Amino acid sequence: MAKKKEAQEEPAEGVLAAAAKKVGKAAGKVAAAVGVTPEAPAEAAAPPAPKPQTKSVKVPKLEKKNKSRLPRKVKKAQQKASR
């Protein structure tokens, strides 16, 4: 029974921290099996090139339509005449 007490007392850092370590260890094993190499430190990496400035494009307003608006009775009369 002494072994059970030791196992329960071991995660003194907390259940979440112990679970996170186990997950990280498993992820490391999978990455090693796949062949992923650890990234270089951020300090050694060159800074990304700045993006070139793009000129803003102004969206034009909608053009006015040159359609004549007719009263309803005239419009209906034109439709009947065209049939």
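Residues numbered from 1 in each chain as written. Predicted model: local features only at pLDDT ≥ 70, side-chain atom pairs only at ≥ 80, totals over all residues. Heavy atoms only, no water.

Structural notes on the overall build of the chain
Move 1: What the chain contains, in helices and strands, is three helices and zero strands.
Move 2: Beginning at the N terminus, the succession of helices and strands in the chain can be written as α-α-α.
Move 3: Taking all 83 residues of the chain together, the buried fraction comes to 1%.
Move 4: In the structure as shown, the chain presents an accessible area of about 9,400 Å², 59% of it carried by carbon and sulfur atoms. (Helix = DSSP H or I, 4+ residues; strand = E, 2+ residues; numbered from the N terminus. Buried < 20%, exposed > 50% of the residue type's maximum accessible area, 1.4 Å probe, protein only. Areas by Shrake-Rupley, 256 points an atom, 1.4 Å probe, with all protein chains shown as cover.)

Remarks on helix H2 (residues 15-34)
Move 1: The first and last C-alpha atoms of H2 sit 29 Å apart over 20 residues, in line with the 28 Å expected at 1.5 Å per residue.
Move 2: Taken across its 20 residues, H2 has one buried, putting it largely on the surface.
Move 3: Directly after H2, the chain includes Gly35, whose backbone phi takes a positive value near 105 degrees. (Expected span 1.5 Å × (residues − 1).)

A closer look at the confidence of the model for the chain
Move 1: Chain-level statistics for the chain give a pLDDT mean of 77 and a share of 71% at 70 or above.
Move 2: The least confident element of the chain is helix H1 (residues 2-9), whose mean pLDDT is 57; the most confident is helix H3 (residues 72-82), at 91. (pLDDT = per-residue confidence, 0-100.)

Let's talk about a positive patch on the surface
Move 1: A surface patch of positive charge is lined by Lys65, Lys67, Arg69, Arg72, Lys75, Lys76, Lys80 and Arg83.
Move 2: The residue Lys80 is located in helix H3 in this model. (Patch = residues over 30% accessible without salt bridge, like charges linked within 9 Å, V, L, I, M, F, W, Y side chains within 5 Å. Salt bridge = Lys/Arg side-chain N within 4 Å of Asp/Glu carboxyl O. Lys, Arg positive; Asp, Glu negative; His and termini not counted. Charge placed at Lys NZ, Arg CZ, Asp CG, Glu CD.)

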